[in-house]
Amino acid sequence: MTDCKPPVAVTVLGTGLIGAAVSRNLARKGFRVRVWNRTPEKACALAADGAEPVDRAADAVRGADIVVTVLKDGPAVREAMTAALPGLPKGAIWLQLSTVGVGAIEALAGFAAENNLVLYDAPVQGTRQPAE
């Protein structure tokens, strides 16, 4: 019997240096990847790598199995997740890669709890080369 499950759908919110590399790697590994960025041109540049750029955060997360945030700081993450909230499925897995600090992650954990999201805080640090 063949396993006929569709590919896992991942949305990446934030496609700067790290987010773009994460998106490319996920697409190469067979994930269905949607991308959103506050600067739409950065998300659009990833279409050539197999990611689907989406204009609105809420539309980007609709149907996502996993939502990944890779933004500059806690307020930017909160802003993106608030914009995404209308499209977020209840119980969605949220993988938070931004380095936001203790105070911000506590607030983001509260946001996740209030909105029935499963939050994993996994901050990354580095530059383009390690991310790629």
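It should be emphasised that the depicted structure is a prediction, and the values quoted were computed from it without experimental measurement.

K.L.:
Describe helix α5 (residues 102-114), naming the residues involved and giving the relevant values.
P.N.:
Taking 1.5 Å of rise per residue, 13 residues should cover 18 Å, and α5 covers 18 Å from first to last C-alpha, within 8% of that figure. Those residues of α5 that fall on the buried side of the exposure criterion are Ile 105, Leu 108, Phe 111 and Ala 112. Buried residues along α5 cover an arc of 115° about the axis, so they all sit on one side. Facing away from the buried side of α5 by over 90 degrees, the exposed positions are Val 102, Gly 103, Glu 106, Ala 113 and Glu 114. Where α5 is buried, its residues meet α4 (74-84), β5 (93-96) and β6 (118-121). One or two steps after α5, the chain reaches Asn 116, where phi turns positive at roughly 55°.

K.L.:
Quick rundown of the nonpolar core? Include the residues and the values.
P.N.:
Of all hydrophobic cores here, the largest spans 23 residues; its most connected members are Leu 13, Val 67, Val 77, Met 81, Leu 88, Trp 94 and Leu 117. At the level of elements, α3 (57-61), α4 and α5 are the ones that each hand at least two residues to this core. The dominant element in this core, judged by the number of residues it contributes, is α4, at five residues. Once residues within four sequence positions are removed from consideration, Trp 94 is found in contact with Val 67, Thr 69, Val 77, Met 81, Leu 108, Phe 111, Ala 112, Leu 117, Val 118, Leu 119 and Tyr 120. Membership of the second largest hydrophobic core comes to 15 residues, among which are Val 12, Ala 20, Val 22 and Ala 51.

K.L.:
So what's going on with the pairing of β6? Residues and values would help.
P.N.:
With four bridges connecting them, β5 and β6 associate as parallel partners. Residue pairing for β6: Leu 95 is matched across the bridge by Tyr 120.

K.L.:
For the packing of aromatic side chains, give the residues involved together with the corresponding values.
P.N.:
Tallying each qualifying case throughout the model produces one aromatic pair. When the ring of Trp 94 is compared with that of Phe 111, the centres are 6.1 Å apart and the planes differ by 80°; the resulting orientation is edge-to-face. Highlighted residues: Trp 94 in strand β5 and Phe 111 in helix α5, separated in sequence by 17 residues. As far as the burial class goes, Trp 94 and Phe 111 line up, both buried.

K.L.:
So what about a nonpolar patch on the surface? Which residues, and what values?
P.N.:
There is a patch of nonpolar side chains on the surface, built from Ile 93, Val 118 and Tyr 120 and spanning about 250 Å² of accessible area. Relative to the assigned elements, Val 118 resides in strand β6.

K.L.:
Can you lay out the pattern of salt bridges for me, pointing to particular residues and giving the numbers?
P.N.:
Following the criterion strictly, the structure yields four salt bridges and no others. Two residues, Arg 34 and Glu 52, come together in a salt bridge whose shortest N-O distance is 3.5 Å. One end of the pair, Arg 34, is in strand β2 (residues 32-36); the other, Glu 52, is in strand β3 (residues 52-53), and 18 residues separate them in sequence. Take Arg 34: its relative accessible area is 18%, and that puts it in the buried class. Among the residues examined, Glu 52 registers a relative accessible area of 40% and is labelled partly exposed. Among the ionic pairs, Arg 56 bridges to Asp 59, the shortest N-O distance being 3.2 Å. We classify Arg 56 as partly exposed; its relative accessible area is 46%. Residue classification places Asp 59 among the partly exposed residues on the basis of a relative accessible area of 28%. One network of salt bridges, with partners in common, ties together Arg 56, Asp 59 and Arg 62.

What counts as what
Along each chain, the written sequence defines residue order, and numbers are assigned to residues from 1. Owing to the predicted nature of the model, reporting of local features is limited to residues with pLDDT of at least 70; listing and counting of side-chain atom pairs is limited to 80 or more, with chain, interface and lining totals taken over all residues. Heavy atoms from the whole structure form the basis of all side-chain values; hydrogens and water molecules are not counted. In DSSP terms, a helix is any run of H or I states spanning at least four residues, a strand is any run of E spanning at least two, and both are numbered starting from the N terminus. One fewer than the residue count of a helix, multiplied by 1.5 Å, yields its expected span. Categorising residues by exposure relies on relative accessible area from a 1.4 Å probe, with only protein chains included: less than 20% of the type maximum marks a residue as buried, more than 50% marks it as exposed, and the intermediate range marks it as partly exposed. What the arc measures is the spread of directions leading from the helix axis to the C-beta atoms. In this analysis, two residues are considered to be in contact whenever any of their non-hydrogen atoms come within 4.5 Å of each other. In this text, buried Ala, Val, Leu, Ile, Met, Phe, Trp, Tyr and Cys residues form a nonpolar core when linked through side-chain atoms within 4.5 Å. When DSSP finds at least two bridges between two strands, those strands are taken to pair. Here the aromatic set is Phe, Tyr and Trp, taking the six-membered ring for Trp, and pairing holds for ring centres within 6.5 Å; pairs whose planes are under 30 degrees apart are stacked, those over 60 apart are edge-to-face, and all others are tilted. Excluding any residue in a salt bridge, patches collect residues exceeding 30% relative accessible area, merging like charges within 9 Å and nonpolar Val, Leu, Ile, Met, Phe, Trp and Tyr side chains within 5 Å. The Shrake-Rupley method, run with a 1.4 Å probe sphere, supplies the accessible areas, and residue values consider only the shown protein chains as cover. The term salt bridge refers to a side-chain nitrogen of Lys or Arg lying within 4 Å of a carboxyl oxygen of Asp or Glu.

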